[in-house]
Amino acid sequence: MPAICTVCSKGAILKRPKTGNALCKECFFHAFEEEIHHTIVHAELFKRNETIAIGASGGKDSTVLAYVLKLLNDRHDYGVNLVLLSVDEGITGYRDDSLETVKRNQEQYGLPLKIISYEELYGWTMDAIVKQIGLKNNCTFCGVFRRQALDRGALMLKVDKIATGHNADDIAETVIMNVLRGDIGRLRRCTAITTGTDGALPRCKPFKYTYEKEIVMYAYFKKLDYFSTECIYSPNAYRGFARAYIKDVEKIRPSAIIDIIHSGESLSVKKDIRLPVQGVCERCGYISSNAVCKACVMLEGLNKGLPRLGIGKTHKERRKMQEMLQQETGAADSTPCTDQSLKSSCKCENKTDQSECSSQTYDSDNASGCSTYSKSQKCKDGCSSTNPRTVAKEKLSIFGKLKQPPSIDF
């Protein structure tokens, strides 16, 4: 006997993984869309006249998110402006193909599109990073860089908020991963539907309670255009093991995904547990719990030939980095000063028989750039001439402020 839709009594074509109800196509569409609408309204994710950047990768989650948000915005009059924001990680044979899907979505949904690349922001592509780091920890680099790239792109577009396609399965996986790693700080905030309110830009997850299977079914029955190939560098990702575990548990208990999310929401932390304090990176201005953010540490390691510098327990790599910096400083301290214009501009009277400064070495610690300055003896007149070699290049942070790049504290 054919299954009957539990809502309209017509012939059912699917059984919802989330509830187990048999539904026809139209009733499934309505239930799927209205549950997302309820999530948006209940959590007050959007405000009228806000501009929302949708993180678009071309995959099923972001494609369905863009389609549903545009649909609900028109149906329920949210009054928000939607734009698509994509990140090009530089993965040949994967991201270049998925971006073609995003460009088609732009035309199909009539939404503006902005694409920002790792190479543009960091001077590195994921292909180049994988050649340096291998396939074991490459997802760590991509995750850190991608989070910051989304914020940078959103600030370029001057949006008010970022909407991502993280679904219930993704959040449950994150809860399990943080439990296994004992990461209390992330465990507290990983189930929040809106994050980053104290950072560059808030991020929201309209799909927080939406099952991945239902997103796939919705995309399939709606015949949406999306890219379904997995990243070529992700098979060894740590998240994959958490995903496999949750899929096994879901076979026994279909409600396990929502149950894990509710458990994460209900967790409390003892008052005497020290948690990381969110601050701002001194180098790039991005939100960080350390003086220098993870992205800057990783980028420094890549540029210095020590790609493992920002991964896990890197005491050995950090020692190498510190020794390298000390060697560079020592080399700079012993570099002879050959800048005649600086010598002639020095006001001090500390001269030798050859009418030159008595301190014949250029000191990189000399903020004034005076050629007569040394660690043991400064100019008598406090020479204020400026050596362009000692002026640190100022870097524009993502907040539009000029930052003086500090050395990384080891």
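Residues numbered from 1 in each chain as written. Predicted model: local features only at pLDDT ≥ 70, side-chain atom pairs only at ≥ 80, totals over all residues. Heavy atoms only, no water.

Some details on the confidence of the model for the chain
For any part of a model where pLDDT is low, the fine detail of the predicted coordinates should not be relied upon. Rules: pLDDT is a per-residue confidence score from the predictor, ranging from 0 to 100. Helix numbering and strand numbering both begin at the N terminus, where a helix is a DSSP run of H or I of at least 4 residues and a strand a DSSP run of E of at least 2. Contact definition: two residues touch when any of their heavy atoms are within 4.5 Å.
Confidence in the prediction for the chain averages 79 pLDDT; 75% of positions are at 70 or higher. Averaged over each element, pLDDT in the chain is lowest for strand S11 (residues 395–396) (36) and highest for strand S3 (residues 51–55) (97). In the predicted structure, residues 338–410 sits below a pLDDT of 50 and forms 128 contacts with residues beyond four places in sequence or in another chain.

Overview of the side chain of Lys-205
Convention followed: Working definition: with a 1.4 Å probe on protein chains only, accessible area under 20% of the residue-type maximum means buried, over 50% means exposed, and in between means partly exposed. Working convention for charge: Lys and Arg count positive, Asp and Glu count negative, and His plus the chain ends are omitted. Think of a salt bridge as a Lys or Arg side-chain nitrogen and an Asp or Glu carboxyl oxygen that are within 4 Å of each other.
You can see Lys-205 is positioned in the loop between strand S8 (203–204) and helix H9 (212–221). Buried charge Lys-205 goes without a salt bridge, the closest partner of opposite sign being Glu-265 at 9.7 Å. What Lys-205 contacts, discounting residues up to four positions off in sequence, is Thr-164, His-166, Ile-171, Cys-190, Ala-192, Ile-193 and Thr-195.

Examining the pairing of strand S5 (residues 113–117)
Put simply, the test is: Think of it this way: DSSP has to see at least two bridges between two strands before they count as a pair.
Direction of pairing for strand S4 (residues 81–88) relative to S5: parallel, over a ladder of 5 bridges. Bridged to Leu-84 within S5 is Leu-113.

Here we look at the sheet that holds S8
Picture the strands of a sheet paired through backbone hydrogen bonds; they go either parallel or antiparallel. With mixed pairing, 6 strands are arranged side by side in an open sheet as S5-S4-S3-S6-S8-S7. Lying at the two open borders of the sheet, with one neighbouring strand each, are S5 and strand S7 (194–195). Bridge analysis of S3 against S4 gives 5 bridges, and the strand direction is parallel. Its bridge partner lying in S4, Ile-52 is registered against Leu-82.

What about the pattern of salt bridges?
Throughout the structure, instances matching the rule amount to 25 salt bridges. Between Arg-48 and Asp-77 there is a salt bridge whose closest N-O contact spans 3.2 Å. Within this pair, whereas Arg-48 is found in the loop between helix H1 (25–43) and S3, its partner Asp-77 is found in the loop between helix H2 (60–76) and S4, the two being separated by 29 residues in sequence. Here Arg-146 makes a salt bridge to Glu-89, at a shortest N to O gap of 2.5 Å. Separated by 57 residues along the polypeptide, Arg-146 in helix H6 (residues 138–157) and Glu-89 in the loop between S4 and helix H3 (95–109) bring together distant segments of the chain. Residues joined in a network through salt bridges with shared partners are Lys-60, Asp-61, Asp-169, Glu-212 and Lys-247.

Notes on the pairing of S3
Heads up, the condition is: Think of it like this: strands point away, you trace from the first strand over the helix to the second, and a clockwise trace means the crossover is right-handed.
Burial of S3 is extensive: 5 of the 5 residues sit out of reach of the surface. Of the two faces of S3, the one holding Thr-51, Ala-53 and Gly-55 and the one holding Ile-52 and Ile-54 are both buried throughout. Note that the unit made of S3, H2 and S4 has a crossover that is right-handed. Bridge analysis of S3 against strand S6 (residues 161–163) gives 3 bridges, and the strand direction is parallel. Bridging across to S6, Ile-52 finds its partner in Lys-161.

Re the state of the cysteines
Applicable threshold: Two cysteine sulfur atoms form a disulfide, by the criterion used here, when they sit within 2.5 Å.
Across all of its chains, the model carries 0 disulfides by this definition. The closest cysteine sulfur to the non-disulfide-bonded Cys-231 is located on Cys-139, 6.4 Å from its own sulfur. Its relative accessible area of 18% is what places Cys-231 among the buried residues.

Some thoughts on the environment of Gln-108
For clarity, the threshold we go by: In protein, a polar contact means a hydrogen-donor-capable atom and an acceptor-capable atom, both N or O and within 3.5 Å, with residues adjacent in sequence counting only if both atoms are side-chain atoms; elsewhere, any N or O pair within 3.5 Å suffices.
Relative to the helices and strands, Gln-108 resides in helix H3. Separated by 116 residues in the primary sequence, Gln-108 and Leu-224 place their C-alpha atoms 9.8 Å from one another. A polar contact of 3.4 Å, which involves the side chain of Gln-108, links it to the side chain of Asp-225.

Side note on the nonpolar core
Spelled out, the test is: Here the nonpolar core consists of buried residues drawn from Ala, Val, Leu, Ile, Met, Phe, Trp, Tyr and Cys, with membership extended through side-chain atoms lying within 4.5 Å.
In this structure, Tyr-118, Met-126, Ile-129, Phe-141 and Phe-145 are the most contacted members of the largest nonpolar core, which totals 40 residues. Among the elements of the structure, S4, helix H4 (118–122), helix H5 (126–133), H6 and helix H12 (294–303) are those that each provide at least two residues to this core. It is H6 that contributes the most residues to this core, 7 residues altogether. In contact with Met-126, not counting residues within four places along its chain, are Glu-89, Gly-90, Ile-91, Tyr-118, Asn-138, Cys-142 and Tyr-233.

Some thoughts on the environment of Val-175
Locating Val-175 in the fold gives a position in helix H7 (residues 168–181). The spatial distance from the C-alpha of Val-175 to the C-alpha of Ile-260 is 7.4 Å, given a sequence separation of 85 residues. Those residues within four positions of Val-175 in sequence are excluded, and the remaining contacts are Leu-187, Cys-190, Thr-191 and Ile-260.

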